[in-house]
Amino acid sequence: MWLAAVLALIELHRRTRAGRSWALIRRGEAAAVAAGVNILRYQTWAFGLAGFCAGVAGALLAGGVGQLDGRAFTAGESVMLFALTVVGGVYHWAGALIAGLLLRAVPALLTDFGVNGYLAMIFFGVALLHALITAPSGIAGQLMGVFEAVRKRFSASKDKDAAP
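Cut-offs used in this document
Residues numbered from 1 in each chain as written. Predicted model: local features only at pLDDT ≥ 70, side-chain atom pairs only at ≥ 80, totals over all residues. Heavy atoms only, no water. Axes fitted to C-alpha atoms, helices over the stretch in contact; angles between N-to-C directions. Helix = DSSP H or I, 4+ residues; strand = E, 2+ residues; numbered from the N terminus. Parallel < 35°, antiparallel > 145°, perpendicular 65-115°, else oblique. Contact = heavy atoms within 4.5 Å. Core = buried A, V, L, I, M, F, W, Y, C linked by side-chain atoms within 4.5 Å. Buried < 20%, exposed > 50% of the residue type's maximum accessible area, 1.4 Å probe, protein only. 1 Å grid on protein atoms, 1.4 Å probe; cavity = no way out; pocket = protein on both sides within 12 Å on 5 of 7 lines; lining within 4 Å. Points joined across faces, edges and corners; volume = space filled by probe spheres on them. Nonpolar A, V, L, I, M, F, W, Y, C, P; charged D, E, K, R; others polar. Phe/Tyr/Trp six-rings, centres within 6.5 Å; stacked < 30°, edge-to-face > 60°.

### Things to note about the packing of helix 1 (residues 2–15) against helix 4 (residues 39–65)
Argument step 1. Here helix 1 crosses helix 4 at 170°, and the two axes come no closer than 11 Å. The angle between helix 1 and helix 4 falls in the class roughly antiparallel. Packed against helix 1, whose contacting residues are Trp-2, Val-6, Leu-9, Ile-10 and His-13, the element helix 4 presents Trp-45, Leu-49, Phe-52, Cys-53, Val-56 and Leu-60 at the interface.

### Some thoughts on the nonpolar core
Nonpolar side chains in soluble globular proteins generally cluster together in the buried interior.
Argument step 1. By size, the foremost hydrophobic cluster in this structure holds 15 residues, and its most contacted members are Met-80, Leu-84, Val-87, Leu-102, Val-106, Ala-120 and Phe-124.
Argument step 2. Secondary structure elements with two or more residues in this core: helix 5 (75–88), helix 6 (94–112) and helix 7 (119–134).
Argument step 3. For this core, the element with the most residues is helix 6, which contributes seven residues.
Argument step 4. The contact partners of Leu-84, leaving out residues within four places of it in the chain, are Ala-99, Leu-102, Leu-103 and Phe-124.
Argument step 5. The next biggest cluster of nonpolar side chains, apart from the first, holds eleven residues, and it includes Ile-39, Tyr-42, Cys-53 and Val-56.

### Focus: the layout of surface pockets
Argument step 1. In this model, the largest pocket occupies a volume close to 1800 Å³.
Argument step 2. Counting residues per element, the lining of the largest pocket draws most heavily on helix 4, which supplies ten residues.
Argument step 3. Grouping the amino acids of the lining of the largest pocket by side-chain chemistry returns 27 nonpolar, eight polar and six charged.
Argument step 4. For the second largest pocket, the calculated volume is near 200 Å³.
Argument step 5. Lining the second largest pocket are Gly-76, Glu-77, Met-80, Leu-103, Arg-104, Pro-107, Gly-117, Tyr-118, Ala-120, Met-121 and Phe-124.
Argument step 6. Those elements that provide at least two residues to the lining of the second largest pocket are helix 5, helix 6 and helix 7.
Argument step 7. When the residues that make up the lining of the second largest pocket are grouped by side-chain class, the tally is seven nonpolar, two polar and two charged.

### Considerations on the packing of aromatic side chains
Argument step 1. Taken as a whole and assessed by the stated rule, the structure comprises three aromatic pairs.
Argument step 2. Between Trp-22 and Trp-45, the ring centres sit 6.0 Å apart and the planes meet at 80°, which makes this aromatic pair edge-to-face. With Trp-22 in helix 2 (residues 17–27) and Trp-45 in helix 4, this pair connects stretches of sequence that are 23 residues apart.
Argument step 3. Plain terms: the ring middles of Tyr-42 and Trp-45 are 5.5 Å apart, the flat faces sit at 15° to each other, and that makes the pair stacked. In this pair, Tyr-42 and Trp-45 both sit in helix 4, three residues apart, roughly one turn of the helix.
Argument step 4. Aromatic rings pair up to connect Trp-22, Tyr-42 and Trp-45 into one cluster.

All we've got here are geometric facts, nothing functional implied.
Here you go:
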């Protein structure tokens, strides 16, 4: 429930003026200023939203683990989660879901097939290099591109059929 609420909040922000302003700032601050965007306001807003999401995630982690302890989340796991976030896609909230699934599912699948689960780290390293070199939008960005292309193709074919 909490995950759905936070993801809905993020999607709401992406589709409103704030999301468009953040996209302009990401393209270039000079272009954003020229378009009339208050950069300080929207950067502070993004920082506050990210802090809220991190606070909810920390509360859920503490509730799941049962305690607040720094040893519950090691530095190696933090680096792995960061790498998988880049692989999943940092420009869309679906990238976080993909990263979480990869973090838990791939080592479990490898263990089920009798392969050492630590081999997943090598797989994730190769996936990170691939994402950085060829797919900076990550898996989520690629999936959104495919969905958009399919949508355009179907709408174009419907327009053809509707023409007299």
